[in-house]
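Listed below are the residues making up each chain.
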Amino acid sequence: MDEEMKLKTKDLLTLNELGKTDLSGIIDNAIKMKKDLKEGISKPLLKNKTLAMIFQKPSTRTRVSFETGMFQLGGHALNLSADELQLKRGETIEDTAKTLSRYADLIMARVYSHEELELLAKNSTIPVINGLSDSFHPCQILADLMTIKEKKKKLDGLKLAWIGDGNNVCNSMIYGCAKSGIEISIATPKGYEPNHNVVKESGKLTEVKLSNSPETAVHGADVVVTDTFVSIHHQTTDRTNDFLPRFQVNSSLMKKAKPSAIFMHCLPAKRGQEVTSDVIDGSQSVVWDEAENRLHAQKALMVALLRRV
Ligand code: CP
Ligand code: NVA
């Protein structure tokens, strides 16, 4: 554990707040924390600290990994469904932020609107972590980069293919690749491209290719990634017909990547839609390590954010 590591940013909302060294430091600390946990070494680095977790949307991994991570670090996590807070009755985000800052040490929020998250962070005196918004999912990418580093022993120089929707996870993935020296090739149907500014900004640091061809994107890839075609904030729209059958990750598409390529998905997955069962449950898939690594990566993140204050 790099005891000296201190972040410049107060909050983690997109992943772009982290410099290259901060990002690689968090990933390396996460790998060390994972090893410690497996060896039964426990370090109560967040003893007596409280994490307030606000959920406007459902979650399995984010909820359980943050709560478990806080417990393992000697701290405490409060699960606050937005429906049970006074937010539901019209109390403002600003007032909620100011109130929680007087009790807790850290906030993690899963929200519909990224602007609401920015408002929450602006009005909190304590660090705010994005647990998924309509635009970004930085914690997922910390875990993803950690998983890639474990499997490939490096990040710099790798090629990653993103297939499907240029969504919130994709936007944070572009930032993560740019700061890790990974070349990213994104194949989406027309109209489903990732955020233009994220692509433009990240293009200064790494190669970011956009196309409508999954076959071209996966050519020579070390890592193939997809996500649901219907994110939680899209649930009322039927978009799957725009993706199927071309943008499904199946074994014939995987064969066009490197033979050593790994398959990743943040989960939850819809088998038969964005990915076939033989791929997600097959030998190239690392999705369970990826899910586990949310725990370790977020522990390293929380320690780094709280060391700063
Ligand atoms: N990947 C992810 O964030 O999963 P949950 O929606 O279950 O938290
Ligand atoms: N893109 C998905 C990720 C879920 C973890 C969503 O926003 O629903």
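Structure first, text after, so check above.
Every value quoted in this text rests on a predicted model; they were computed, and no experiment measured them.

## So, the overall build of the protein
Stage number 1. The helix and strand inventory of the protein stands at 12 helices and 9 strands.
Stage number 2. Radius of gyration (C-alpha) of the protein: 19 Å, near the 19 Å computed for a compact globule of 309 residues.
Stage number 3. Referenced to the eigenvectors of the C-alpha coordinate spread, the extents of the protein come out at roughly 55 × 45 × 35 Å.
Stage number 4. The proportion of buried residues among the 309 residues of the protein is 57%.
Stage number 5. When contacts within the protein are restricted to residue pairs at least 6 apart in sequence, long-range pairs at least 24 apart make up 74% of them.
Stage number 6. For the protein, the exposed surface amounts to about 13,400 Å²; the carbon and sulfur share of it is 50%.

## Quick word on the sheet that holds strand 5 (residues 159-163)
Stage number 1. The 5 strands lie next to each other as 7-6-5-8-9, forming an open sheet whose pairing is parallel. The open sheet has two free edges, formed respectively by strand 7 (208-211) and strand 9 (262-265), since each of these has just one partner strand. The average undirected angle you get between the axes of adjacent strands in this sheet is 20 degrees.
Stage number 2. For strand 5 and strand 6 (residues 183-187), the ladder comprises 5 bridges, and the chain directions are parallel.

## Let's talk about the site of ligand 2
Stage number 1. All residues adjacent to ligand 2 are Leu132, Asn167, Asn168, Val169, Asp227, Thr228, Ser231, Ile232 and Leu267.
Stage number 2. Here a nitrogen atom of ligand 2 and a side-chain polar atom of Ser231 are 2.8 Å apart.
Stage number 3. One nitrogen or oxygen atom from the main chain of Ile232 is found 2.8 Å from an oxygen atom belonging to ligand 2.
Stage number 4. With the chains in place, 95% of the 270 Å² that ligand 2 exposes on its own is no longer accessible.
Stage number 5. Its atoms largely coinciding with the cavity grid, ligand 2 occupies the largest pocket.

## Description of the state of the cysteines
Stage number 1. Summed over all chains, the structure comprises 0 disulfides.
Stage number 2. Take Cys170: it sits in no disulfide, and the sulfur closest to it among the cysteines is that of Cys177, at 8.9 Å.
Stage number 3. Cys177 sits in the buried class, given a relative accessible area of 0%.

## Section: the packing of aromatic side chains
Within a pair of aromatic rings, the relevant descriptors are the distance that separates the centres and the angle that separates the planes.
Stage number 1. Applying the stated criterion across every chain, the model contains 3 aromatic pairs.
Stage number 2. With 4.6 Å between their ring centres and 55 degrees between their planes, Tyr192 and Phe243 make a pair best called tilted. A residue pair is termed long-range when its members are at least 10 positions apart, and Tyr192 in the loop between strand 6 and helix 7 (196-202) and Phe243 in helix 9 (residues 240-243) qualify at 51 residues.
Stage number 3. Taking 4.4 Å as the distance between ring centres and 10 degrees as the angle between the ring planes, the aromatic pair formed by Phe229 and Phe243 counts as stacked. With Phe229 in the loop between strand 8 (223-226) and helix 9 and Phe243 in helix 9, this pair connects stretches of sequence that are 14 residues apart.
Stage number 4. The exposure class assigned to Phe243 is buried, which follows from its relative accessible area of 1%.
Stage number 5. Taken together, the ring pairs connect Tyr192, Phe229 and Phe243 into an aromatic cluster.

## A few points about helix 4 (residues 114-122)
Stage number 1. Within the sequence span of helix 4, burial applies to His114, Leu117, Leu120 and Ala121. The buried side chains of helix 4 occupy one side of the element, clustering within an arc of 110 degrees when seen end-on. Facing away from the buried side of helix 4 by more than 90 degrees, the exposed set consists of Glu115 and Lys122.
Stage number 2. In this structure, the buried residues of helix 4 make contact with strand 1 (50-55), helix 3 (93-103), strand 3 (106-110) and strand 4 (128-130).

## Topic: the pairing of strand 8
Stage number 1. Burial along strand 8 is two-sided: the face carrying Val223 and Val225 and the face carrying Val224 and Thr226 are both buried.
Stage number 2. Sheet topology places strand 5 next to strand 8; 4 bridges connect them, and they run parallel. Within the sheet, the bridge partner assigned to Ala161 lies in strand 8 and is Val224.
Stage number 3. Pairing analysis gives 4 bridges linking strand 8 to strand 9, with the strands arranged parallel. Among the inter-strand pairings, Thr226 is bridged to a residue of strand 9, identified as His265.

Parameters and conventions
Residues numbered from 1 in each chain as written. Chains lettered and ligands numbered in written order. Predicted model: local features only at pLDDT ≥ 70, side-chain atom pairs only at ≥ 80, totals over all residues. Heavy atoms only, no water. Helix = DSSP H or I, 4+ residues; strand = E, 2+ residues; numbered from the N terminus. Rg over C-alpha atoms; globule rule 2.2 N^0.38 Å. Buried < 20%, exposed > 50% of the residue type's maximum accessible area, 1.4 Å probe, protein only. Contact = heavy atoms within 4.5 Å. Areas by Shrake-Rupley, 256 points an atom, 1.4 Å probe, with all protein chains shown as cover. Pairing = 2+ DSSP bridges. Axes fitted to C-alpha atoms, helices over the stretch in contact; angles between N-to-C directions. Near = heavy atom within 4 Å. Polar contact = N/O pair within 3.5 Å; in protein donor to acceptor, adjacent residues only side chain to side chain. 1 Å grid on protein atoms, 1.4 Å probe; cavity = no way out; pocket = protein on both sides within 12 Å on 5 of 7 lines; lining within 4 Å. Sits in = over half its atoms within 2 Å of the grid points. Disulfide = S-S within 2.5 Å. Phe/Tyr/Trp six-rings, centres within 6.5 Å; stacked < 30°, edge-to-face > 60°. Arc of directions from axis to C-beta.

Worth remembering: the numbers are spatial, not functional.
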